[in-house]
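Coordinate analysis (summary)
Spelled out from the first residue to the last, the chains are:
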Amino acid sequence: GAVVSQHPSWVICKSGTSVKIECRSLDFQATTMFWYRQFPKQSLMLMATSNEGSKATYEQGVEKDKFLINHASLTLSTLTVTSAHPEDSSFYICSAPDKWPPYEQYFGPGTRLTVT
Amino acid sequence: DQQVKQNSPSLSVQEGRISILNCDYTNSMFDYFLWYKKYPAEGPTFLISISSIKDKNEDGRFTVFLNKSAKHLSLHIVPSQPGDSAVYFCAASEGGTYKYIFGTGTRLKVLA
């Protein structure tokens, strides 16, 4: 099946710094990728839709200037958490479909971000 | 406002018996539903899906039932195995958007 990877799997950063998380589709091309956030014991919340070659579409309530998304190629999307604060600590997961319509999506293993 | 709800946060089932996980939704525009399985610190793994034009879809030990009038779907696992122990999320997509709205998850524990 299709494989999606994320890097890093775990990162700790100091408050005020920026952190970049990569999402890669390893064996397929993904013109669209999705970024989710999961708080402990809660559901996955869609943050934004990343589109190759164009601007990301953010969900209501998500600060686009804080969560910068760049879909640089057909296999790579990055999420940069700028000026991170402790409340940004969370589990970030990306997903990508391997075909269109993208009814079934493949998820990365997730990145645990801890801001101290 | 939680559009997709899984009212049972946890479920314990004996090995070999049936596991039934439930999911309710409020948005009548949802037309595609999926179940995902998730282990701690890992991304969700796709299990099974169903389109709103169907009321049942089966794949091996997994069967998903959809009751559109009740806005309810369920996942049946028969027979349950210890390896099925995980958190199960249902997700719904509104026609053409391909964006998933996830439920809050149900932690299934299959007892050997």
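Residues numbered from 1 in each chain as written. Chains lettered and ligands numbered in written order. Predicted model: local features only at pLDDT ≥ 70, side-chain atom pairs only at ≥ 80, totals over all residues. Heavy atoms only, no water.

Moving on: the environment of B:S80. All names here are of chain B. Summarising the element assignment, S80 is placed in the loop between β8 (72-77) and β9 (86-94). For S80, a relative accessible area of 2% gives the class buried. Between the C-alpha atoms of S80 and I101, which are 21 residues apart in sequence, the distance is 26 Å. When residues no more than four places from it in sequence are discounted, the contact partners of S80 are V13, Q14, E15, G16, R17, I18, S19, R61 and V110. In this structure the side chain of S80 is engaged in a polar contact, spanning 2.6 Å, whose partner is the side chain of S19. (Helix = DSSP H or I, 4+ residues; strand = E, 2+ residues; numbered from the N terminus. Buried < 20%, exposed > 50% of the residue type's maximum accessible area, 1.4 Å probe, protein only. Contact = heavy atoms within 4.5 Å. Polar contact = N/O pair within 3.5 Å; in protein donor to acceptor, adjacent residues only side chain to side chain.)

Moving on, we come to the sheet that holds strand β7 (residues 62-67) of chain B. Residue and element names in this part refer to chain B. As summarised here, the arrangement of the 5 strands in space is β1-β3-β8-β7-β6, forming an open sheet in which the pairing is antiparallel. The outermost strands of the open sheet, each flanked by one partner alone, are β1 (4-5) and β6 (56-59). Bridging between β1 and strand β3 (residues 19-25) involves 2 bridges; their strand directions are antiparallel. In the strand pairing of β3, K5 is matched with D24. (Pairing = 2+ DSSP bridges.)

All names here are of chain B. Across 4 bridges, β6 lies against β7 in antiparallel orientation. In the sheet register, D59 faces β7, and the bridge partner there is F62. The antiparallel hairpin formed by β6 and β7 contains 2 residues in its connecting segment, where G60 sits at a positive phi of about 65 degrees.

Put simply, an interface is often sized by how much accessible area is lost when its parts join up. On the side of chain B, 17 residues touch chain A, which itself brings 20 residues to the contact. Counting each side, the surface lost to burial between chain A and chain B is near 1,600 Å², with a carbon and sulfur contribution of 62%. Where chain A packs against chain B, one counts 1 salt bridge. Where chain A touches chain B, the interface holds 8 residue pairs in polar contact (both at pLDDT 80 or more). Listing elements by their share of the side of chain A that touches chain B, those giving two or more residues are β4 (32-38), β5 (44-51), β9 (90-97) and β10 (105-107) of chain A. When the residues that make up the side of chain A that touches chain B are grouped by side-chain class, the tally is 12 nonpolar, 6 polar and 2 charged. (Buried area = accessible area lost by both parts, 1.4 Å probe. Salt bridge = Lys/Arg side-chain N within 4 Å of Asp/Glu carboxyl O. Nonpolar A, V, L, I, M, F, W, Y, C, P; charged D, E, K, R; others polar.)

Attention shifts here to the sheet that holds strand β3 (residues 19-25) of chain A. Residue and element names in this part refer to chain A. Across the sheet, which stays open at both edges, the 4 strands sit in the order β1-β3-β8-β7 with antiparallel pairing between neighbours. Of all the strands in the sheet, just β1 (4-7) and β7 (67-73) have a single pairing partner and so form its edges. Along the sheet, successive strands turn relative to each other by an average axial angle of 20 degrees, direction set aside. Sheet topology places β1 next to β3; 4 bridges connect them, and they run antiparallel. Among the inter-strand pairings, S5 is bridged to a residue of β3, identified as R24. (Axes fitted to C-alpha atoms, helices over the stretch in contact; angles between N-to-C directions.)

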